[in-house]
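Residue-level structure breakdown
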Amino acid sequence: MMNHKIYFPHNVDFRGRAYPLPQHLNHIGNDLSRGLLLFADRKPLTASGLRWLKIHIANLSGNDKISFEDRVLYTESMHSQIIDSANDPLGGGRWWMKGMDKPFQLLGACIEYRNAYQHPGGPERYRSGLPVHQDGTCNGLQHYAALGGDVVGAEQVNLKKGKEDKPGDVYSGVAEVVKGLVDEDFEAGVEEARLMKGRIIRKVVKQTVMTNTYGVTFLGARDQVRNRLKEARADQLRDGAVVGGVDEKGMKVLTDEEIARCSIYTARKLFEGMGKVFEGARGIQGWLNECARVVSGGIDERGLDRDILEE
């Protein structure tokens, strides 16, 4: 199959989303699948493509929260490690696999980078087939920010450039708000707040924030938080801690009963925090829900919620 052109038949669901039929090798598969595939129709990189290749390498190596220019500079500073990774993946310094979340995609990018710089006409003239993956920042909130002309919300989800020359991180923003709410309860002596102190991190809130605009329920949010807390406990147990005890950082290893209580508590705080951060989006959601209720229910004007519609 190497260097042969292959095609991926797709299914399209009722929403218009396309999914490849091959299960084990496709362009939206796992890290290994993505790292193996190249576009068949190659094109010269040009200066713009070379810049994006450098940004892509920085992203894959975990440096995706800094400005684009800093990402370019980072990749250029790692030039020798990138070339070494491409020339001798297993016998060299193995930079491509040191703590990386997407090592095979990074290795593929290193090989393409090396090939570009070995091109006799210069890297910009190298014909590349490497896909450079890009993703929106919380797409649902991007739509709401655009619909409502919400400037602050647009900065948080990278529709609009913020004051700092780096990407906005709405998940960390929500985490900070929820931390503040938990700290208030901690001072008031709330037991669940004491247990959650120091555990409100980006990873805990991300899934709930991401699914908020798609109608995640309270029970769904509770389950999402519970899964994150169980994953964190599994890490503690792997490091030798025991349930009910404390780990090497002094953080208690939660019991099942404590995880259940803390999941409910944190889900409530998450909804409260998202209400503060996404005030504009919540208003539009309420208005659209009321419009949908009117259209689907066939009610007359006496049943309308005037406050929501007038807002």
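Data block above holds the structure.
Predicted model, so just to flag it, every value in this text is computed and none were measured.

A cluster of nonpolar residues, I6, L25, L32, L36 and F104, forms a patch on the protein surface that exposes about 410 Å² of accessible area. In this structure, I6 sits in the segment before β1 (10–12). When its relative accessible area of 31% is taken as the criterion, I6 is described as partly exposed.

So, about helix α11 (residues 218–238). Helix length check: α11 (21 residues) gives 30 Å between terminal C-alpha atoms against 30 Å at 1.5 Å per residue, within 8%. On its buried side, α11 packs onto α9 (191–196), α10 (202–212) and α12 (256–277). Once α11 ends, the next one or two residues include G240, with phi positive near 100°.

The next thing to look at is the nonpolar core. By size, the foremost hydrophobic cluster in this structure holds 29 residues, and its most contacted members are L141, V174, V209 and F278. Discounting residues that sit within four places of it in the chain, F278 has contacts with L141, Q156, V170, V174, V209 and N212. Within the second largest apolar cluster, 20 residues are counted, among which are L50, C110, A116 and L130.

Attention shifts here to the side chain of R228. Its place among the elements puts R228 in helix α11. Residue R228 is classed as buried on the basis of its relative accessible area, which comes to 16%. Looking at R228, its side chain comes within polar contact range of the side chain of Q207, at 2.7 Å. Apart from residues lying up to four places away in sequence, R228 is in contact with K203, V204 and Q207.

Take L141: it is sitting in helix α6 (residues 139–148). Classification of L141 as buried rests on a relative accessible area of 5%. Expressed as a C-alpha distance, the spacing of L141 and G280, which sit 139 residues apart in the sequence, is 9.8 Å. Setting aside its immediate chain neighbours within four residues, L141 contacts V157, V170, V209, T213, F278 and A281.

Running from N to C, helix α8 (residues 170–187) and α12 point in directions that differ by 125°, and their axes come no closer than 9 Å. The pairing of α8 with α12 is recorded here as oblique in orientation. Once α8 is placed against α12, the crossing between them reads as right-handed. Contacts from V174, V177, V178, L181, V182 and D185 in α8 reach Y265, K269, L270, E272, G273, M274, K276 and V277 in α12. Tallied by class, the residues present in the contact of α8 with α12 amount to 9 nonpolar, 1 polar and 4 charged.

According to the stated counting rule, one finds 23 salt bridges in the structure shown. For E176, the salt bridge goes to K179, with nearest N and O atoms at 3.1 Å. Within this pair, E176 and its partner K179 are both found in helix α8, separated by 3 residues, close to a single helical turn. Residue classification places E176 among the partly exposed residues on the basis of a relative accessible area of 49%. The partly exposed category is assigned to K179, whose relative accessible area is 32%. R293 is paired through a salt bridge with E290; the nearest N and O atoms lie 2.7 Å apart. Of this pair, R293 and E290 both sit in helix α13 (residues 279–297), separated by 3 residues, roughly a single helical turn. The class for E290 is buried, based on a relative accessible area of 6%. Connected via shared salt-bridge partners are D185, K269 and E272.

All right, on to the packing of aromatic side chains then. Aromatic ring pairs are reported here in terms of the distance separating the ring centres and the angle at which the planes meet. Counting across every chain of the model gives 4 aromatic pairs. Taking 5.4 Å as the distance between ring centres and 65° as the angle between the ring planes, the aromatic pair formed by W52 and F68 counts as edge-to-face. In this pair, W52 is assigned in helix α2 (residues 46–60) and F68 in helix α3 (residues 68–77), connecting sequence segments 16 residues apart. Residue class for W52 comes out partly exposed when judged on its relative accessible area of 27%. When its relative accessible area of 38% is taken as the criterion, F68 is described as partly exposed. When the centroid spacing of 6.3 Å and the interplanar angle of 40° are considered together, the rings of F218 and F271 count as tilted. You can see F218 sitting in helix α11 and its partner F271 sitting in helix α12, a full 53 residues away along the chain. Take F218: its relative accessible area is 31%, and that puts it in the partly exposed class. Above the face of the W52 ring, R51 is positioned so that its terminal group lies 5.7 Å from the ring centre. Over the face of the ring belonging to F186 we find K197, whose NZ or CZ atom lies 4.9 Å from the ring centre.

Reading the values: the criteria
- Residues numbered from 1 in each chain as written.
- Predicted model: local features only at pLDDT ≥ 70, side-chain atom pairs only at ≥ 80, totals over all residues.
- Heavy atoms only, no water.
- Patch = residues over 30% accessible without salt bridge, like charges linked within 9 Å, V, L, I, M, F, W, Y side chains within 5 Å.
- Areas by Shrake-Rupley, 256 points an atom, 1.4 Å probe, with all protein chains shown as cover.
- Salt bridge = Lys/Arg side-chain N within 4 Å of Asp/Glu carboxyl O.
- Helix = DSSP H or I, 4+ residues; strand = E, 2+ residues; numbered from the N terminus.
- Buried < 20%, exposed > 50% of the residue type's maximum accessible area, 1.4 Å probe, protein only.
- Expected span 1.5 Å × (residues − 1).
- Contact = heavy atoms within 4.5 Å.
- Core = buried A, V, L, I, M, F, W, Y, C linked by side-chain atoms within 4.5 Å.
- Polar contact = N/O pair within 3.5 Å; in protein donor to acceptor, adjacent residues only side chain to side chain.
- Axes fitted to C-alpha atoms, helices over the stretch in contact; angles between N-to-C directions.
- Parallel < 35°, antiparallel > 145°, perpendicular 65-115°, else oblique.
- Left-handed = near helix turned anticlockwise from the far one by under 90°.
- Nonpolar A, V, L, I, M, F, W, Y, C, P; charged D, E, K, R; others polar.
- Phe/Tyr/Trp six-rings, centres within 6.5 Å; stacked < 30°, edge-to-face > 60°.
- Lys NZ or Arg CZ within 6 Å of the ring centre and 35° of its normal.

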